[in-house]
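Results of the structural survey
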Amino acid sequence: MLNIKGIAAAAGYAIAKALVLESTELSVEKRTVQDGDMEITRFREALARSIADVEKLKQRTLEQLGAEKAEIFEAHLLVLHDPELLGPIEDKIQKEGINAEYALHEVSAGFISMFENMKSPYLRERASDMKDVAKRILSHLLNAKVLDLAAIHEEIILVAEDLTPSETAQFNRNYVKGFATNVGGKTSHSAIMARSLEIPAVVGTKEVLEQVKDGDLLILDGMKGTVLLNPDDATVAEYRLKQEQYEAQRAEWAKLRHVPTVTKDGKHVELAANIGTPADVANVLLNGGEAVGLFRTEFLYMGRDSMPSEKEQFTAYKAVLERMEGKPVVVRTLDIGGDKELPYFELPKEMNPFLGFRAIRLCLERQDIFRTQLRALLRASVYGNLRIMFPMIATLGEFRQAKTILFEEKAKLEAEDIPVSGEIQLGIMVEIPSTAVLSDLFAKEVDFFSIGTNDLIQYTMASDRMNERVSYLYQPYNPSILRLVKMVIDAAHAEGKWVGMCGEMAGDATAIPLLLGLGLDEFSMSASSILPARSQMSKLSAEETRMLAAKALGCGTAEEVVTLVQRMDI
Amino acid sequence: MQKTYKITNEDGIHARPATALVNTASKFKSEVFAEANNRKVTMKSILGVLSFGLEPGDLVTFIAEGEDASEVLEALDEIFAKESLGIAHA
């Protein structure tokens, strides 16, 4: 048995015989042609047949996978009509008297290398689209047979150098159980396609094509990113079991996608997602997120050479609010400074960046930056359910000052007759122990709290979690942390306010029963954790977790807390 | 007629919006061009539009020549807004 390692591109397991897709490099010979017009006619015929192919693929993809996946073929059709591609090819045929195959090869190679040299990883990937289109025209010119993937009628795992969009679009997932390729990464077209087809895929193995022969038995592990070649019976049995469990779990998660998060004794909590860009919203909705619990706005400020304008920010906030269709969106105002630097905004180096000039501290001093962001948020507020949250609040004075600035900007906008929502909730991150301790007084003035556990833990334990020698002190389950969380939740509830959590802890399977028991209202995590968390919560009883949490608060160490949760047998 | 934009979308102009821009520009009678980094391409060419490799902060100008020039620019403007590609640049 050989274990071939690659990149886990799409989750799941497959066990089947290999079908090896030899990369039939169509050979291109340079020939001189006498009659240029006839050669151009031959080229145009091949082009017409290619267009017909792609029209068919587009239709098929539209029916089976929907409009979004079919868009790629819309782009291929434009390339097949592109004057910048066709003009130079026909010129070459006519002026240089060369054959259509060679002219096509030369011109398309220019575009392929142009894409391969682009800075953006996304645009670099477009080289594969150009190759795909060029290969299609070439195979028609050469009358070469293209393997008809739609004709596969036995269960197989495809093994290939790489898979083009037109190849993956033909897959019938009843038979193509998964694939492994030599090249590619998590964002390759083939990887994205595998995830939407919900079949496992391992890409970037560098050697799977060389190692595997047609008919070899393969196990594809889309979790670890490995391909097992000719596994023994025991391994096959082990993977059959894993596969069954995974399928059962996935079926259960799928059922949970559009239902609210409810414990088995009927308590509802909100499962939200953390996002960094408007593009992340699609994944939130796909995973059944009930809200955006943390929209980090730093991306708007990064990778550029000046501060983003009010209009640019407005456009991004509006996009997120609209795409969430009225579901709550908690936007955290700018959290830069410390270790997060902007190239165009110089700050002096600090001895203790995590304890330094950052987030709200910076925004209150550089009010020009802060006010621009607040205006953009206020203007976007009418497009959805906006909640604004200030990071790194240490004192009530900071909150009051930030709130005053927000209200000043709101009044200015209203004076300009620009509509602003009247329902914007205003909250703070609780990540500094002083704020947790004083949460009963904060609770009278804010609309909500969101506990940022990553920082709250490191500030409470006085331990830098990037420093390996003290990282053992990063203890989410330490009873001191649990007591702080309880203090914040109780303080909020006493004033009728809600509490969320947006650190890694909120999606952690061990922490979830504890947080549920402490009365947390909203859990915000990475989108992919939502369905597993919802599944876990549906099996928990709020009453039992309340007793569990009460016991945990009396534990002396993090280890005792973990043992307690494990013994609960959930 | 012409109009200039500053790209703000983190992906620049990727294949889907480029497809929409080229399809839209081709619907009108006017000759439409795009200009960026001192290069000018016809808006009939998706490879031309993608060849700019536009990134956030880059400027791109659309130039329309013909009787329906203002309609073309308006239609392109709508795509820019809908896809959050960028903002008008004075």
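About the thresholds
Residues numbered from 1 in each chain as written. Chains lettered and ligands numbered in written order. Predicted model: local features only at pLDDT ≥ 70, side-chain atom pairs only at ≥ 80, totals over all residues. Heavy atoms only, no water. Helix = DSSP H or I, 4+ residues; strand = E, 2+ residues; numbered from the N terminus. Buried < 20%, exposed > 50% of the residue type's maximum accessible area, 1.4 Å probe, protein only. Contact = heavy atoms within 4.5 Å. Areas by Shrake-Rupley, 256 points an atom, 1.4 Å probe, with all protein chains shown as cover. Lys, Arg positive; Asp, Glu negative; His and termini not counted. Charge placed at Lys NZ, Arg CZ, Asp CG, Glu CD. Domains from an automatic or database assignment. Buried area = accessible area lost by both parts, 1.4 Å probe. Salt bridge = Lys/Arg side-chain N within 4 Å of Asp/Glu carboxyl O. Polar contact = N/O pair within 3.5 Å; in protein donor to acceptor, adjacent residues only side chain to side chain. Nonpolar A, V, L, I, M, F, W, Y, C, P; charged D, E, K, R; others polar. Pairing = 2+ DSSP bridges. Axes fitted to C-alpha atoms, helices over the stretch in contact; angles between N-to-C directions. Disulfide = S-S within 2.5 Å. 1 Å grid on protein atoms, 1.4 Å probe; cavity = no way out; pocket = protein on both sides within 12 Å on 5 of 7 lines; lining within 4 Å. Points joined across faces, edges and corners; volume = space filled by probe spheres on them. Left-handed = near helix turned anticlockwise from the far one by under 90°.

**Section: the overall build of chain A**
The helix and strand inventory of chain A stands at 22 helices and 17 strands. For chain A, the proportion of its 570 residues judged to be buried stands at 53%. Put simply, 68% of the contacts in chain A that link residues at least 6 apart link residues at least 24 apart. For chain A, the accessible surface area stands at approximately 25,500 Å², while carbon and sulfur atoms represent 52% of it. On chain A, the mean spot of the 65 positive side-chain charges and the mean spot of the 84 negative ones are 3 Å from each other.

**Quick notes on the domain arrangement of chain A**
All names here are of chain A. Entries for chain A in the domain assignment read domain 1 (29-141), domain 2 (149-253) and domain 3 (257-567). Averaged C-alpha coordinates put domain 1 and domain 2 at centres separated by 29 Å. Buried surface at the junction of domain 1 and domain 2, both sides included, amounts to about 1,100 Å², of which 58% is carbon and sulfur. Summed over the three residues of domain 1 that lose the most area to domain 2, namely R60, L65 and K69, the buried surface amounts to 37% of that side. Viewed at the interface, domain 2 and domain 1 are joined by zero salt bridges. Summed over the shared surface of domain 1 and domain 2, the number is zero residue pairs in polar contact (both at pLDDT 80 or more).

**Digging into the side chain of B:E83**
Residue and element names in this part refer to chain B. With respect to the element layout, E83 can be found in the loop between α3 (69-82) and β5 (86-88). E83 gets classed as buried once you look at its relative accessible area, which sits at 16%. In contact with E83, not counting residues within four places along its chain, are N9, R16 and P17.

**Quick look at the pattern of salt bridges**
Residue and element names in this part refer to chain A. With the rule as written, the count across this model stands at 38 salt bridges over all chains. Its salt-bridge partner being R332, residue D335 comes within 3.8 Å of it at the nearest N-O pair. Of the two residues, D335 and R332, neither departs from the other in class, the shared state being buried. As a salt-bridge pair, D335 and R358 come within 3.4 Å of each other at their nearest N and O atoms. Here R358 lies in the loop between β12 (328-332) and α12 (359-365) and D335 lies in the loop between β12 and α12, a separation of 23 residues in the sequence. Across this residue pair, the class does not change: D335 and R358 are buried. Linked through salt bridges whose partners overlap, the residues forming this network are E310, R371, R375, R379, E408, E409, K412 and E416.

**So, the interface of chain B and chain A**
By a widely used convention, the size of an interface equals the accessible area lost when the partners come together. At the junction of the two partners, chain B supplies 23 residues and chain A supplies 29 residues. For the pairing of chain B and chain A, the buried interface totals around 2,100 Å² over both sides, and the portion due to carbon and sulfur atoms is 67%. Inspection of the chain B/chain A interface yields two salt bridges. For the salt bridge of B:E55 with A:K119, the shortest nitrogen-to-oxygen distance reads 3.7 Å. Seen at the junction of chain B and chain A, the total is seven residue pairs in polar contact (both at pLDDT 80 or more). Secondary-structure elements contributing two or more residues to the side of chain B that touches chain A are α1 (15-26) and α2 (46-51) of chain B. Among the residues forming the side of chain B that touches chain A, the class breakdown is eight nonpolar, ten polar and five charged.

**Remarks on the sheet that holds strand β8 (residues 226-229) of chain A**
In sheet architecture, strand pairing relies on hydrogen bonds along the backbone and comes in two forms, parallel and antiparallel. Residues and elements named next belong to chain A. Pairing is mixed in the open sheet, where eight strands are placed in the order β1-β8-β7-β3-β4-β5-β6-β2. Strand pairing shows two members of the sheet lacking a second neighbour, β1 (2-5) and β2 (7-10), which therefore form its edges. The mean angle between the axes of side-by-side strands here comes to 30°, regardless of whether they run parallel or antiparallel. In this sheet, strand β5 (residues 176-181) lies alongside strand β4 (residues 156-160) in parallel orientation, the contact comprising five bridges. Within β5, the position partnered with L158 by the bridge is F179. Against the sheet, helix α7 (residues 189-197) makes contact with β2, β5 and β6 (201-203), and its axis sits at roughly 50° relative to β2, the strand it touches most. Packed onto the sheet, helix α9 (residues 233-256) meets β3 (13-21), β7 (217-221) and β8 and runs at close to 110° relative to β3.

**Here's the deal with the environment of A:I157**
Residue and element names in this part refer to chain A. Within the element layout of this structure, I157 appears in strand β4. Note on I157: relative accessible area 0%, which makes it buried. Apart from residues no more than four positions distant in its own chain, I157 is found in contact with A14, I15, A16, K17, A18, L19, G178, F179, L218 and L220.

**Describing the state of the cysteines**
Considering all chains together, one arrives at zero disulfides over all chains under this definition. Here A:C502 is not cross-linked by a disulfide; its sulfur's nearest cysteine counterpart is in A:C363, at 16 Å.

**Overview of the environment of A:G422**
Residues and elements named next belong to chain A. Locating G422 in the fold gives a position in the loop between α14 (396-415) and β14 (425-430). By relative accessible area, G422 is classed as exposed at 67%. With twelve residues separating them in the primary sequence, G422 and K410 have C-alpha atoms 10.0 Å apart.

**Brief notes about empty space enclosed by the protein**
Using the criterion set out here, one finds one cavity of 30 Å³ or more in the structure. Estimates place the volume of the largest cavity at around 90 Å³. Residue lining of the largest cavity: A:I72, A:A75, A:H76, A:V79, A:F115, A:R126, A:D129, A:M130, B:A15, B:L47 and B:L50, and that is the complete set. Of all the secondary-structure elements, those providing two or more residues to the lining of the largest cavity are α2 (67-80) and α5 (121-141) of chain A together with α2 of chain B. No other element matches α2(A), which puts four residues into the lining of the largest cavity. A class-by-class count of the residues in the lining of the largest cavity yields eight nonpolar, one polar and two charged.

**A short note on the packing of helix α18 (residues 479-494) of chain A against helix α19 (residues 511-518) of chain A**
Residues and elements named next belong to chain A. Where α18 contacts α19, the axes come no closer than 10 Å and their chain directions differ by 35°. Judged by the twist between their axes, the crossing of α18 over α19 is right-handed. Within the contact between the two elements, α18 uses L482, V485, K486 and I489 and α19 uses L514, L515 and L518. For the contact of α18 with α19, the residue count by class is six nonpolar, no polar and one charged.

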